[in-house]
Amino acid sequence: MTYFGQNNNNSAASVKGLVYSFLVIGLATMIYGLLAQNWLFFGAAVLFPTGAIIIYFALQKPIWSYTLYAIITCYFSAIYRYAGIENLSVILDIFLGVSFLSLALNIINKKDSYPWSNAANTLTITYAIWLTYCFLILFSPDVEFHNLISNRSVYLSLPLTYLLTAIFMCTPKRLRITLFLLGIFIATAALKAYWQKRRGFDTVESAWLFSGAWHTHILRSGIRYFSFYTDAGNFGASMAMFTTTFSILSFVVKKRASRIFCIGAAVLAGVGMMMSGTRGAMIIPFGGIVLYILLSKSLKAIATWSFIGILTFCFFYYTDIGEGNVFVRRMRTAFRPSKDASFNVRVENQKRFAYYLQDKPFGVGIGGKIVDTKGLMRVDEEFIPTDSYYVGIWVEGGIVGLCLYIILQAILLLRCCYLLMFRIKNEQLRKILIALLCGVFGIWLNGYVGRGLGFQPSSLIIAIFISFILNGVYMDKRLKKDEIIA
């Protein structure tokens, strides 16, 4: 016993010695950078030891490293925009790799136990099938090597994310923590959009707009705010998903503080959705409400949400109330698609895609684009833009890939519905997970008119929500039937 104790003491002393060495070297480098006014050295001295310490502690606890990866992913668009460094997304790959390495080390050292069997769920299996198809179409003559590098998330990041999420997102405590962190994220995103409205865009944001994004963000109907997301479309779709989820949660949670928190998050997300001016995002809450009515198994819930849905539809479709507000006026056009110019442009683009893809049943490959060789575009654009997620899949994977993808998504949806309807006994857990699925289902519907489904952080949030649902039976076994979660 003394022998092992000495080994542990020596190991602890080595770690402490390594930390102190980092601190001394870092301090010396900082002093040099200040004296020589070499700010690159000074910045490296500050960031390197800090990063090393963070990674060290992240390697000790796999869930910490995964949480760190998730937080960086949520704010990565802002990091990328302000850093202005090409290929910075490799940072996400590094942190995802650290998370996977942490889990591997945990297995070797047998520190904690994780439900490894949860890794083989409907999400990971369906994506494995889709990934196989993506590998097969690599043999398409239209595929170029640089497209594979720029779309490495399809082959690397997403499979690892789904695998890790399936393993980690499996306890009621982590479900509560996840919803709390998402509430904070929603608040920061909505407040950033409000800051843009009140104080205007900063220098970096203005430069991005003037580089060409102003065409879709500064319109005669009003300005579309994008917070720290990639664009207003992604921001609006994400906020609509959160609006749907937290609105339902506000009726589900029992504790007063939790209810106030969910109402606040839903209101902030709803305001963010309106400020984005993303009309296609309106399908998300309506789709979520329909699914909730089907899954709730409660006459009171069916009556309540049917009334809310009908009232909202009538407000936008049959009245002109709030027409003086630019955000309400813009959202109202979503209910009148024949008068929506951008919707009509999408329809025309889909006709052009159908023309070019009629002899390409397997598409042009992941990352591929269709060159307008026939001059079908009325404007001077080299490529026909894929302005929605499912159209992008149609172009890259062909009609075969699109049909396969929709079938796999349907299987995943039906599996989630089956678990929520028949396998989970704890009533509150079931309703919380239904709220998550309603948000996901809504943004899946949005994929026809928007691309937010395929961008971060929405892609990660969807994986987290689905993993919690698929692990619902696992969590349910650890709860009493009437136990209150939140």
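As the structure is a computational prediction, the values presented were derived from the model and not from experiment. (Residues numbered from 1 in each chain as written. Predicted model: local features only at pLDDT ≥ 70, side-chain atom pairs only at ≥ 80, totals over all residues. Heavy atoms only, no water.)

Enquirer: For this particular structure, what's the right way to read a positive patch on the surface?
Expert: Together, Lys297, Arg415, Arg423, Lys425, Lys477, Arg478 and Lys481 line one region of the surface with positive charge. Positionally, arginine 478 belongs in the segment after α20 (472-476). Judged by its relative accessible area of 49%, arginine 478 is partly exposed. (Patch = residues over 30% accessible without salt bridge, like charges linked within 9 Å, V, L, I, M, F, W, Y side chains within 5 Å. Areas by Shrake-Rupley, 256 points an atom, 1.4 Å probe, with all protein chains shown as cover. Salt bridge = Lys/Arg side-chain N within 4 Å of Asp/Glu carboxyl O. Lys, Arg positive; Asp, Glu negative; His and termini not counted. Charge placed at Lys NZ, Arg CZ, Asp CG, Glu CD. Helix = DSSP H or I, 4+ residues; strand = E, 2+ residues; numbered from the N terminus. Buried < 20%, exposed > 50% of the residue type's maximum accessible area, 1.4 Å probe, protein only.)

Enquirer: Honestly, the packing of helix α17 (residues 389-423) against helix α19 (residues 458-470) in this entry has me stumped. Any pointers?
Expert: Helix-helix packing is described using two parameters, namely the angle between the two axes and the distance between the axes. For the pair α17 and α19, the least separation of the axes is 9 Å and the interaxial angle reads 45 degrees. Of the possible angle classes, the one that applies to α17 and α19 is oblique. As for how α17 packs across α19, the hand of that crossing is left-handed. Between α17, through Leu412, Arg415, Cys416, Leu419 and Leu420, and α19, the contact on the second element is made entirely by Ile466, Ile469 and Leu470. In the contact of α17 with α19, the residues fall into 7 nonpolar, no polar and 1 charged. (Axes fitted to C-alpha atoms, helices over the stretch in contact; angles between N-to-C directions. Parallel < 35°, antiparallel > 145°, perpendicular 65-115°, else oblique. Left-handed = near helix turned anticlockwise from the far one by under 90°. Contact = heavy atoms within 4.5 Å. Nonpolar A, V, L, I, M, F, W, Y, C, P; charged D, E, K, R; others polar.)

Enquirer: What exactly am I supposed to notice about the nonpolar core here?
Expert: One recurring pattern in soluble globular proteins is that nonpolar side chains are buried together. Within the largest apolar cluster, 120 residues are counted, with the highest numbers of intra-cluster contacts made by Phe242, Phe246, Leu433, Leu437, Trp444 and Ile466. For this core, the leading source of residues is α17, giving 15 residues. Discounting residues that sit within four places of it in the chain, leucine 433 has contacts with Leu175, Leu420, Ile424, Phe468, Ile469, Gly472 and Met475. (Core = buried A, V, L, I, M, F, W, Y, C linked by side-chain atoms within 4.5 Å.)

Enquirer: Please clarify how the packing of aromatic side chains should be interpreted in this entry.
Expert: Summed over all chains, the structure comprises 21 aromatic pairs. Both rings, one in tyrosine 75 and one in phenylalanine 228, keep their centres 5.1 Å apart while their planes meet at 50 degrees; by these two values the pair is tilted. Taken as a pair, tyrosine 75 in the loop between α3 (62-74) and α4 (76-83) and phenylalanine 228 in the loop between β2 (222-223) and α11 (232-252) lie far apart in primary sequence, 153 residues in all. Residue classification places tyrosine 75 among the partly exposed residues on the basis of a relative accessible area of 25%. Judged by its relative accessible area of 9%, phenylalanine 228 falls in the buried class. (Phe/Tyr/Trp six-rings, centres within 6.5 Å; stacked < 30°, edge-to-face > 60°.)

Enquirer: Please clarify how helix α9 (residues 172-199) should be interpreted in this entry.
Expert: One turn of the α-helix equals 3.6 residues, which is why residues spaced by three or four share an orientation. The terminal C-alpha atoms of α9 lie 40 Å apart, and with 28 residues this matches the ideal 40 Å at 1.5 Å per residue to within 8%. One or two steps after α9, the chain reaches glycine 200, where phi turns positive at roughly 85 degrees. (Expected span 1.5 Å × (residues − 1).)

Enquirer: Is there a simple way to think about a nonpolar patch on the surface in this case?
Expert: Side chains of Ile177, Phe180, Leu181 and Ile184 sit close together on the surface and give an oily, nonpolar patch of about 330 Å² of accessible area. Secondary-structure assignment places isoleucine 177 in helix α9.

Enquirer: What am I meant to see in the packing of α11 against helix α14 (residues 299-318) here?
Expert: As a packed pair, α11 and α14 sit with axes 13 Å apart at the nearest point and diverge in direction by 145 degrees. Between α11 and α14 lies a crossing whose hand is right-handed. Contact residues: Ser247, Ile248 and Phe251 in α11; Thr304, Trp305 and Ile308 in α14. Taken together, the residues of the contact of α11 with α14 break down into 4 nonpolar, 2 polar and no charged.

Enquirer: Is there a simple way to explain the pattern of salt bridges in this structure?
Expert: Pairing of side chains with opposite charge becomes possible as their charged atoms draw close. Going through the model one piece at a time under the given rule, you end up with 4 salt bridges. In this structure, the salt-bridge partner of aspartate 202 is lysine 192, at a minimum N-O distance of 4.0 Å. Taken together, the residues span a long stretch of sequence, with aspartate 202 in the loop between α9 and α10 (203-217) and lysine 192 in helix α9 at a distance of 10 residues. According to the relative accessible area criterion, aspartate 202 is partly exposed, its value standing at 26%. We note a salt bridge from glutamate 427 to lysine 431, for which the minimum N-O separation is 3.9 Å. Of this pair, glutamate 427 and lysine 431 both sit in helix α18 (residues 427-446), 4 residues apart, roughly one helical turn. Through salt bridges with shared partners, a single ionic network connects Lys192, Asp202 and Glu205.

Enquirer: Help me understand the side chain of serine 247, please; the structure alone is not making it clear to me.
Expert: Its location among the elements puts serine 247 in helix α11. Residue contacts for serine 247: discarding those within four places in its chain leaves Phe242, Ala266 and Trp305.

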